[in-house]
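Analysis of the macromolecular model
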Amino acid sequence: MHHLPLLGESGEAPPTGTGTQRRVGGVTADGTMWIYCLVQYADALLSQPKYIQSALPFSPEQRQAWDSMLASVASLMKKAKKEATPENHSFQQLLMLVGIHLFKSPEELVDTMQDIHSCIQKAQEKKKKRKSQAKEEAEPHWAEVVVDILLSLLSQPSRHIRQVCKTVFASICPHVTATALTAILDVLDPDKDEEESALVVTNQDPTKQEGQDEEMKEVEATEEDGSDEEELDDEAMMSLDAGMATLFSEQKKKMEAKREEKVKVHKEKTLILDFKMKVLDLLEVFVSKQAGSPLVLGLVEPLLAVIERSMGSDRHQQEQDFIRRVADIFRNQLCRSKVYCKTAGDRQGELHDLLEKLVHKAQKHTDSSVSLYYFSASLYLVKVLRGGLPSAETSEGKTPEMPSSQDLRFMGGVEVERVSALFRQALDSLMTKRNSPLTVQMFVDLCNRFPALGVNLLDTVVLNVSAGVREHQQGQACVLLLRALQNRDTQQLLAGEAWLQLCRALVEQLATTLKAVGQFQSKVSQEKVTKALELCQFLLKNIRTKNLSVDIGPLQVVLGSMSESISLQKAGHLEDTYWAVMKHFGVIRPKVEKVKKPNETPAPQASTALPKKKGFLPETKKRKNRNKQATTEGAAAPTPVATPTDASAGEKGQGKKKNKRKPKRKAPGSDEASPAKKAKPQPGSKPGKKKAKKQGAGPK
């Protein structure tokens, strides 16, 4: 009903001249909904009881609910002609959807229909006519009731219900309260699933279990008594067999019951995950429609809890799809959205406390992937605390191409010293801990998105170029510095004396860390030297370009002493980077001439020689060689020269089946010359005549 095309149109392409118009699904050509046509048809059938009889007839209460639904839809259509609103259209869909499902489960949906009517009345009330404050606080908001109705409808396996619920929720998003949003998040809470699974009990009776235990003890006692005797009576054996058969049958039933229970629990988990995927539709709609609402800030911690508790490798495909979708909504649609809450108001202290909590959790977590989501959430809170940029407000929504220095230094309601100290502590844990869940890319994102905070961390990074705990951390410090200094916003903030002091300190630290390397044979040392050389190349190029008064002599001495160690390494990125750095000091890479080895001789061309075939006679035993020996003994005519084609033909002939008849011996004085190749007899010719012709032929 929702995806049917327009009435009177086929599935063919639209006619030319209409343009690329967006087609509305679920409506006819005049704009009437398909579900309304179905409701009218059902009402026409119900109005003719003489000819049509319902399989499940309505009770008077259910019939009243159906008639009130038709009246409310007609009233909403009249109001829509005067003033069309999204809520009006959505309520029509919801009413007719519940009305259609009255034929399926009328007892459950009668109360739901009454709740929808009350929600419509409250939504259309004017602000002037409000009830008393106490009574208003006692009753829930109409949007909360609608959300509860939508959640109950989503539990049914229907694609049409899922689409209608999504449409209705999108229209009431501006009216959603924090309580309604909490009801949606409670469905996704994994703690609630654990509580529900704890209530699942087995179907086995405890008294029955005690009886089975007593039977097992009696059988064991009988076996122990019978083990002392040499033989058992027939009656004792029969009683023992009967007891064993009863016990095994009970055990088999118990195992089948456990298996059925396991299958039942698996189906319940599948249905719960399917229901959660539908609820995620509502959450995704709210994040996309109300990204600038302060209520979105209440989604950060619940979504992080869902991601943290659902992560794991031992998850089947449906659970992995659910986790992947939650993570996508959180990181891409919430944290990286261009629209965000820019009015923190009186919640700045609360948001700073939450920011500190998230950064600490990112450091202490064992899984690096989960730590990434916590760090992304902390950057999102920094963006919310900063608010909108001044240039964006003055330029009527059009941000300039190059941000000004005022925009780069603007941090709004962020306590810069407190937040900088917080991220500096996280950076120290990255550079000092052996297995830190934090990564360099997290701090690169921090420097790119908030250069004013990243500048305050550069001093700590410069110190860790040589003071890092391990060589790996020192190389990571070089990578972070290179990525941060390449940013134009950072260069703009550090223009002048600050940039000069940074370059001097960095040259000193690079000389110290490269001098401590020595003979770098491990892979970690080579990676560290490569990253340090890349940073040197950028730094020297910047110094030469801006003509900065920086003493690069100590760095040149250290790099010059590394030439022998570099030459011993294999040619690759390390050697290329080293000589690219030395080019800034005027040292050119020496050319290496390729010299052939003296004992290098051309290999014999084995490809020209034919491979030796297995299972054939050697060359000395072949027939053609024996014929050559016979011609040398007698005074024979000169033998014809065998061509390569004849030789190859002779070799091919060797592969045929041998003739079992022995050839006749010839006289020793015979002048007959044996040919190199025996010609095949032509069809229709006699071999005797051909042989006589060959014998008569001779040199003239």
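Conventions we followed
- Residues numbered from 1 in each chain as written.
- Predicted model: local features only at pLDDT ≥ 70, side-chain atom pairs only at ≥ 80, totals over all residues.
- Heavy atoms only, no water.
- Axes fitted to C-alpha atoms, helices over the stretch in contact; angles between N-to-C directions.
- Helix = DSSP H or I, 4+ residues; strand = E, 2+ residues; numbered from the N terminus.
- Left-handed = near helix turned anticlockwise from the far one by under 90°.
- Contact = heavy atoms within 4.5 Å.
- Nonpolar A, V, L, I, M, F, W, Y, C, P; charged D, E, K, R; others polar.
- Core = buried A, V, L, I, M, F, W, Y, C linked by side-chain atoms within 4.5 Å.
- Buried < 20%, exposed > 50% of the residue type's maximum accessible area, 1.4 Å probe, protein only.
- Phe/Tyr/Trp six-rings, centres within 6.5 Å; stacked < 30°, edge-to-face > 60°.
- Lys NZ or Arg CZ within 6 Å of the ring centre and 35° of its normal.
- Polar contact = N/O pair within 3.5 Å; in protein donor to acceptor, adjacent residues only side chain to side chain.

**Some thoughts on the packing of helix α12 (residues 300-310) against helix α13 (residues 317-335)**
Relative orientation of the contacting elements α12 and α13 amounts to 145 degrees, with a least axis distance of 10 Å. Crossing of α12 over α13 shows left-handed handedness. Across the interface between the two elements, V300, L303, L304, V306, I307 and S310 from α12 touch F322, I323, V326, A327, F330 and L334 from α13. Taken together, the residues of the contact of α12 with α13 break down into 11 nonpolar, one polar and no charged.

**So, the nonpolar core**
Among the nonpolar cores identified, the biggest contains 160 residues, and F169, F330, Y380, F443, L510 and L559 are the most heavily contacted of them. Ranked by residue count, the leading element in this core is helix α15 (residues 368-386), at 11 residues. When neighbours within four sequence positions are excluded, F443 is seen to be in contact with F375, F423, A426, L427, L430, L438, L457 and L480.

**Remarks on the packing of aromatic side chains**
Evaluated as defined, the whole model comprises seven aromatic pairs. Taking the centre distance of 5.0 Å and the plane angle of 35 degrees together, the rings of F58 and F103 count as tilted. Residue F58 is found in the loop between α1 (34-46) and α2 (60-82), and its partner F103 is found in the loop between α3 (86-100) and α4 (106-123); the two are separated by 45 residues along the sequence. With relative accessibility at 31%, the residue F103 sits in the partly exposed group. Seen from their ring centres, Y578 and W579 are 5.1 Å apart, and the 75 degrees between their planes marks the pair as edge-to-face. The exposure class of W579 is buried, given its relative accessible area of 15%. By way of ring pairs, the aromatic residues F58, W66 and F103 are connected into one cluster. The aromatic ring of Y340 is capped on one face by K342, whose charged end is 5.4 Å from the ring centroid. One residue, K546, lies across the ring of W499, its end atom 4.7 Å from the ring centre.

**Comments concerning the environment of S466**
Summarising the element assignment, S466 is placed in helix α21 (residues 458-467). A relative accessible area of 25% places S466 in the partly exposed class. With 46 residues separating them in the primary sequence, S466 and T512 have C-alpha atoms 6.4 Å apart. One polar contact links S466 to Q509, side chain to side chain, over a distance of 2.2 Å.

Without other data, these values stay purely geometric and don't point to any function.
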